[in-house]
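Analysis of the macromolecular model
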Amino acid sequence: MSQSKVTMEVGNDGVAVITISNPPVNALAIPIIDGLKEKFAEATGRNDVKAIVLTGKGGRFSGGFDINVFTKVHGTGDVSVMPDVSVDLVTNAVEDCKKPIVAAVEGLALGGGLEFAMGCHARIAAPRTQLGLPELSLGVIPGFGGTQRLPRLVGLSKAIEVMLSSKPIMSEEGKKLGLIDALVPSKELLKVSREWALDMAEGRKPWLRSLHRTDKIGSLSEAREVLRMARLQAKKTAPNLPQHQVCLDVIEEGIVHGGYSGVLKEAKVFKEIVLSDTSRGLVHVFLAQRATSKVPNVTDVGLKPRQVKKVAIIGGGLMGSGIATALIVNNIFVVLKEVNSEYLLKGIKTVEANVRGLANRGKMTKDKAEKALSMLKGVLDYSEFKDVDMVIEAVVENVALKQKIFSEIEKACPPHCILATNTSTIDLNLIGEKMNSQDRLIGAHFFSPAHLMPLLEIVRTQKTSPQIILDLMTVGKVIKKVPVVVGNCTGFAVNRTFFPYTQGSHLLVSLGVDAYRIDRVICNFGFPLGPFQLQDLAGYGVAFAVGQEYAKAFSDRIFKSPLLELLAKDGRNGKNNGKGYYIYEKGSKPKPDPSVLSIIEESRRLTNIMPGGKPISVTDREVLEMILFPVVNEACRVLDEGVVVRASDLDVASVLGMSFPSYRGGIVFWADMVGANHVYRSLKKWSEMYGSFYKPSKFLEERAMKGIPLSAPATSSASTKSRL
């Protein structure tokens, strides 16, 4: 096993090359930071060293500070485990070193990695190297001097854009901006860096300390105006994210009071913000997403994934065409089957529009788009299925139709072929009832629009073979999705957990709460859309079909509202025909439709559940909790039944599949932050007032009573009934 270490070699030229080695990305773990302190002190003190080059092993400079340290801080609340790097090491030992230091950067220099490089006196980079400060995406700010040095090297506006977007730039752009001093081929990187360092030592090249520069900052009034605009923009785009405003405050400190003062404020503020709920939530989601790739008895039993080169898709509607798009833009051949030429042409046109849309938005080049479209073939029968590696059925939610299709494709496809369904709710055992090889049946549940949404829910039955699961996980990664493996039941993990979300909002409307207020409250919490606008977007047909499945499966805890039927009877179908709860006109934002209010009144009259016939009076917080606590309650049942491998999988799925705000850490993490006891007591109170929809689950009650977090692993008794 390769160990993490820092090495130093002094050449005959008098240049000490200090190398970071901590595969895979040379993360700056605490032992690495200690090693760097030691090597810089040694190089500074040695008489035979004239200059220093800092680099990373294995073609990567450094991916930044070790995120596991954050987890330790979040677990203990003890910030003292964060090492003092910014002042001690980057400023005092590196930037103020009496010998010139050159960063030889290759592959990536992200976060703390780039901050180290900016503390050096010059930066030489290989082509196509990623440079960035993504700390804000983890709820913190750059903590090794990045808020101060980046504006001084690339100018204030660009530095703010790089930090607030958390997106990397390439070394080519870095060179134009002045962040990189020279671009050289990878094989010459060390040689040129050594020469550059010696040229600085001997006065042939300028020796610059980034923190002391002011030439790119502009006047104080200009800088303040840039910061003012950035604050307004951040308030608009990231209203619930404190790290954006904090970062701008710290940048301003350095501009007004000087770089060193800025570095001191940055270090102080970093230690405060790392303990924020936002940072806890974002770090949790980041690590939880990595954990989804570990599935017991699948990824740990020595199986090798098989390559999937050609996929057949049955059904070219919204979902089928979206899935086809996701596959062809990632170099997988697709055979798209429809029942007639008219539908087939429509499906192919949708795929073309999707691909062109990606090209127009700069997500892919025109050449790549054309190549992708050449990988699509439309068919009307099964003759092309004889050499496919996978079939994905994406037809309407109709059990009999799906059963018929699977009986047919089982005969038409080769014996190694993965047989997948994109159903969003129907139990897989029902679909596979008439099949012989049920070990090849698996759910590949994409979220709409399938070529854009990042989640792939992989549904396995008791019979699905581990090889098939592993193969589909691999396809998921190839097409840049996050695959989450779940067990089989109505609605699976994500849709099942969230079915009370829509029903809860309908129940509140029936109790007299304004639908548009509900949408506002949910958006203020951090969802991109409220439940009613979301329903408009999906179209009412989906809601009807799915609602019937839930009514059959979970009859003890559903709330039935006549509202959708009344809307449909009034000729509305949401965004599809421009009329729903909102009015949709091309080129303008959706506007609430006042004529809906009489339909809502009619629905309230029919449900007749307002206490004393009067609307209930609730705060915004209660509105939020009355919608989201039933979701938490269903998540508890999903955990209790072992539908997911671990609670954090449900967090990732809720963020990527349902747009639950990532900075709140996902549905289970958020519930633990709120406290199981508060969730339980609230549900109990509402179930007494408004019925069984709110009745707390046994799992929630037990956890609340014993003070156990909802995310803690289930006891062995629960796991015996596990669906995984």
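Keep in mind the model is a prediction, meaning the values are calculated, not measured. (Residues numbered from 1 in each chain as written. Predicted model: local features only at pLDDT ≥ 70, side-chain atom pairs only at ≥ 80, totals over all residues. Heavy atoms only, no water.)

1. Considering the sheet that holds strand β2 (residues 15–21)
Selection criterion: Should DSSP find at least two bridges between two strands, the strands are regarded as paired. Each helix corresponds to a stretch of at least 4 residues labelled H or I by DSSP, and each strand to a stretch of at least 2 residues labelled E; elements are numbered beginning at the N terminus.
The strand order β1-β2-β3-β4-β6-β9 describes an open sheet built from six strands, whose pairing is mixed. If you trace the sheet from one side to the other, it starts and ends with β1 (5–10) and β9 (182–183), each paired once. In the sheet, strand β6 (residues 122–125) pairs with β9 via two bridges, with the strands oriented parallel. Its bridge partner lying in β9, A125 is registered against L183.

2. Some points on the environment of S261
As a reminder, the rule being used: Each residue is assigned to one of three classes by its accessible area relative to the maximum for its type, calculated with a 1.4 Å probe on protein chains only: buried under 20%, partly exposed between the two thresholds, exposed over 50%.
Looking at the element boundaries, S261 is found in helix α11 (residues 259–273). Accessibility expressed as a relative area gives 22% for S261, which makes it partly exposed. It is 62 Å that separates the C-alpha atoms of S261 and S603, two residues lying 342 residues apart in sequence.

3. Re the UniProt feature "domain: 3-hydroxyacyl-CoA dehydrogenase NAD binding" (unreviewed entry) in the chain
Here is the rule: UniProt positions are given in the numbering used here, feature names are shortened, and annotations may be inferred rather than shown by experiment.
UniProt tags residues 310–488 as "domain: 3-hydroxyacyl-CoA dehydrogenase NAD binding" (unreviewed entry). This span, residues 310–488, is 39% helix and 22% strand, and a straight line between its end C-alpha atoms measures 26 Å.

4. Focus on empty space enclosed by the protein
Rule in force here: Both cavities and pockets are sets of points on a 1 Å grid over the protein atoms alone; in a cavity a 1.4 Å probe fits but cannot get out, in a pocket the set is open with protein on both sides within 12 Å along at least five of seven lines, and lining residues sit with an atom within 4 Å of a point. Grid points are joined across faces, edges and corners, and a volume is the space filled by probe spheres set on the points.
Counting across every chain of the model gives two cavities of 30 Å³ or more. In this structure, the largest cavity spans a volume of roughly 50 Å³. Taken together, F499, P500, R557, P630, N633, E634, R637 and F693 form the lining of the largest cavity. Among the secondary structure elements, those contributing two or more residues to the lining of the largest cavity are α19 (494–510) and α25 (620–640). Per-element accounting of the lining of the largest cavity gives the leading share, four residues, to α25. Put simply, the second largest cavity is a space of about 40 Å³.

5. Details of the packing of helix α20 (residues 515–525) against α25
When two helices pack together, their arrangement is given by the angle between their axes and by how far apart the axes lie. For clarity, the threshold we go by: Axis angles are defined between N-to-C directions and span 0 to 180 degrees, where every axis is a line fitted to C-alpha atoms and, for a helix, only to the segment in contact. When an angle is under 35 degrees it counts as roughly parallel; over 145 it counts as roughly antiparallel; between 65 and 115 it counts as roughly perpendicular; any other value is oblique. In this analysis, two residues are considered to be in contact whenever any of their non-hydrogen atoms come within 4.5 Å of each other. In this classification, the charged set is Asp, Glu, Lys and Arg, the nonpolar set is Ala, Val, Leu, Ile, Met, Phe, Trp, Tyr, Cys and Pro, and all remaining amino acids, among them Gly, are polar.
Contact pair α20 / α25: the axes reach a minimum separation of 10 Å and the direction vectors enclose 85 degrees. Relative to α25, α20 is oriented roughly perpendicular. Here α20 contributes R517, I518, V521, I522 and F525 to the contact with α25, which in turn contributes D620, V623, L624, I627 and L628. Here the residues of the contact of α20 with α25 are counted per class, giving eight nonpolar, no polar and two charged.

6. Quick word on the nonpolar core
Here is the rule: We define a nonpolar core as any set of buried Ala, Val, Leu, Ile, Met, Phe, Trp, Tyr and Cys residues linked to one another through side-chain atoms lying within 4.5 Å.
V391 and Y581 are the most contacted members of the largest nonpolar core, which totals 96 residues. The element contributing the most residues to this core is α25, with 12 residues. Once you skip the residues sitting within four places of it in the chain, V391 turns out to touch A312, I314, F385, I409, C413, C417, I418, L419 and A420. Membership of the second largest hydrophobic core comes to 73 residues, among which are A103, V140, L164 and A230.

7. Thoughts on unusual backbone geometry
Here P23 and P24 are connected by a cis peptide whose omega angle stands at 5 degrees. As for its position among the elements, P24 is in the loop between β2 and α1 (30–45). Following S448, the chain continues into P449 via a peptide bond in cis, with omega recorded as -5 degrees. You can see P449 is positioned in the loop between β15 (441–446) and β16 (455–460). Backbone geometry at R128 places phi at a positive 55 degrees, although glycine is not the residue there. Topologically, R128 is positioned in the loop between β6 and β7 (130–132). For R128, a relative accessible area of 57% gives the class exposed. Despite not being glycine, N331 shows a phi value in the positive range, around 65 degrees. Within the element layout of this structure, N331 appears in the loop between α13 (318–328) and β11 (333–337).

8. Some remarks on the UniProt feature "domain: 3-hydroxyacyl-CoA dehydrogenase C-terminal" (unreviewed entry) in the chain
Residues annotated by UniProt as "domain: 3-hydroxyacyl-CoA dehydrogenase C-terminal" (unreviewed entry) correspond here to residues 491–584 and 626–704. Strand forms 2% of residues 491–584 and helix 61%; the C-alpha atoms that close the span are 30 Å apart. Counted over residues 626–704, helix gives 72% and strand 0%. Its end C-alpha atoms are 18 Å apart.

9. Concerning the sheet that holds strand β8 (residues 169–170)
As summarised here, the arrangement of the three strands in space is β5-β7-β8, forming an open sheet in which the pairing is mixed. Because the sheet does not close on itself, it has two edges, and the strands there are β5 (108–110) and β8. Relative to β7, β5 is paired through three bridges, and the arrangement is parallel. Each bridged residue has a counterpart across the sheet, and for L110 the counterpart in β7 is G132. On top of the sheet, helix α4 (residues 112–119) reaches β5 and β7; it is set at about 95 degrees to β5, its chief contact.

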